[in-house]
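A closer look at the structure
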Amino acid sequence: MFYDIHAHLTSNEFKKDINEIIKECEKNNVIVILNGLNVEDNEEVLKISKSSPNIFASIGMHPSYEYDRNFEKQAIQNKDDIVAIGEVGLDFKYSNKEEQISNFKRIILLAEKINKPLIIHSRKAQEEVLKLISNAGVSAVLHAFLATNKLIREAAELPNTYLSIPSNVVYSEQSRNIAILAPMSRLLCETDSPYMNKNERNTPLNVINAYKAITAIKKISMKEAESAISLNVKKVFKNIEIIKK
Ligand SMILES: [Zn+2]
């Protein structure tokens, strides 16, 4: 079983063939956690997650969108149908830093309230993200944490913090670094489909490439990688095994 914990199948990129892609995931034992970006996208994510046993929902409020407090109500109302809160986080490519920090604090409180892990985007804000999650009462998954080696090590040492290896690890030195520096017990895998792949069309099926890269880096078999990552998935996304029942 392969887990892609961060994908955006609601993107226009998949409008034409999303059903085929989901069927391929089912055929290849790929489990996907869709990450919503705003209230509207979250509705789509929730809907698609109900269409297949392999698709799960995480709903979020991406820092590149204007913060919408309705998201909080939406998360509480759908708490039994989601496995995480995300994509959320900080993106200091945009200048409203203070506003983003205060929104992210609200989101951490919300995640604690409904007891869901966070899936976190951190562009140009890795240090600030680590500061904010270091006291959080829920698990944190750092998606594509392209940071310095020092910060990657610091992240891996925080309790209940996981680093997700993007499938672009096949060519990205930065993604490789995460897999090298973090212990197996803190690794998850993702594709960020349709983004983050310069070589080919990115779909959740590419998550298998991230697993392959991990077997080479950690010198373990595919079976060992699969079972270690499945264990991490179940630790972080606590309701993933019961949500479809
Ligand atoms: Zn994303």
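The following refers to the structure shown. What you see is a predicted model, and the numbers here were worked out from it, not measured in a lab.

1. Side note on the sheet that holds strand 5 (residues 118-123)
Read from one edge of the open sheet, eight strands run 1-2-3-4-5-6-7-8, paired in parallel fashion. Strands at the two margins of the open sheet, each flanked by one partner only, are strand 1 (2-7) and strand 8 (187-190). Across this sheet, the average inter-strand angle for adjacent strands is 30°, counted without regard to direction. Judged from the three bridges that link them, strand 5 and strand 6 (residues 140-143) form a sheet pairing that is parallel. Paired with Ile119 across the strands is Val141, a residue of strand 6. With respect to the sheet, helix 4 (residues 97-114) is in contact with strand 4 (84-91) and strand 5, its orientation differing from that of strand 4 by roughly 160°.

2. Quick notes on the pairing of strand 3 (residues 55-59)
Most of strand 3 is tucked away, with five of its five residues classed as buried. Here strand 3 shows no split at all, with Ile55, Ala57 and Ile59 on one side and Phe56 and Ser58 on the other all buried. In this region the chain leaves strand 2 (residues 30-35), passes through helix 2 (residues 39-49) and returns to the parallel neighbour strand 3; the handedness of that crossover is right-handed. Two elements, strand 3 and strand 4, share two bridges in a ladder whose sense is parallel. Bridge pairing in strand 4 places Ile59 opposite Ile85.

3. Re the pairing of strand 1
Burial analysis of strand 1 places six of its six residues in the buried class, which makes it a mostly covered element. The pairing of strand 1 with strand 2 spans four bridges and is classified as parallel. Pairing of Phe2 across the sheet is with Val30, part of strand 2. You can see the chain leave strand 1, run along helix 1 (residues 18-27) and come back into strand 2, and the turn it takes is right-handed.

4. Re the packing of helix 8 (residues 207-218) against helix 9 (residues 222-236)
Contact pair helix 8 / helix 9: the axes reach a minimum separation of 9 Å and the direction vectors enclose 110°. Relative to helix 9, the element helix 8 lies roughly perpendicular. Here helix 8 and helix 9 pass one another in a crossing that is right-handed. Facing Tyr211, Ile214 and Thr215 of helix 8, the residues of helix 9 in contact are Met222, Ala225 and Glu226. In the contact of helix 8 with helix 9, the residues fall into four nonpolar, one polar and one charged.

Cut-offs used in this document
- Residues numbered from 1 in each chain as written.
- Predicted model: local features only at pLDDT ≥ 70, side-chain atom pairs only at ≥ 80, totals over all residues.
- Pairing = 2+ DSSP bridges.
- Helix = DSSP H or I, 4+ residues; strand = E, 2+ residues; numbered from the N terminus.
- Axes fitted to C-alpha atoms, helices over the stretch in contact; angles between N-to-C directions.
- Contact = placed C-beta atoms within 7 Å.
- Buried ≥ 20, exposed ≤ 12 C-beta atoms within 10 Å, placed from the backbone.
- Right-handed = clockwise from strand over helix to strand, strands pointing away.
- Parallel < 35°, antiparallel > 145°, perpendicular 65-115°, else oblique.
- Left-handed = near helix turned anticlockwise from the far one by under 90°.
- Nonpolar A, V, L, I, M, F, W, Y, C, P; charged D, E, K, R; others polar.

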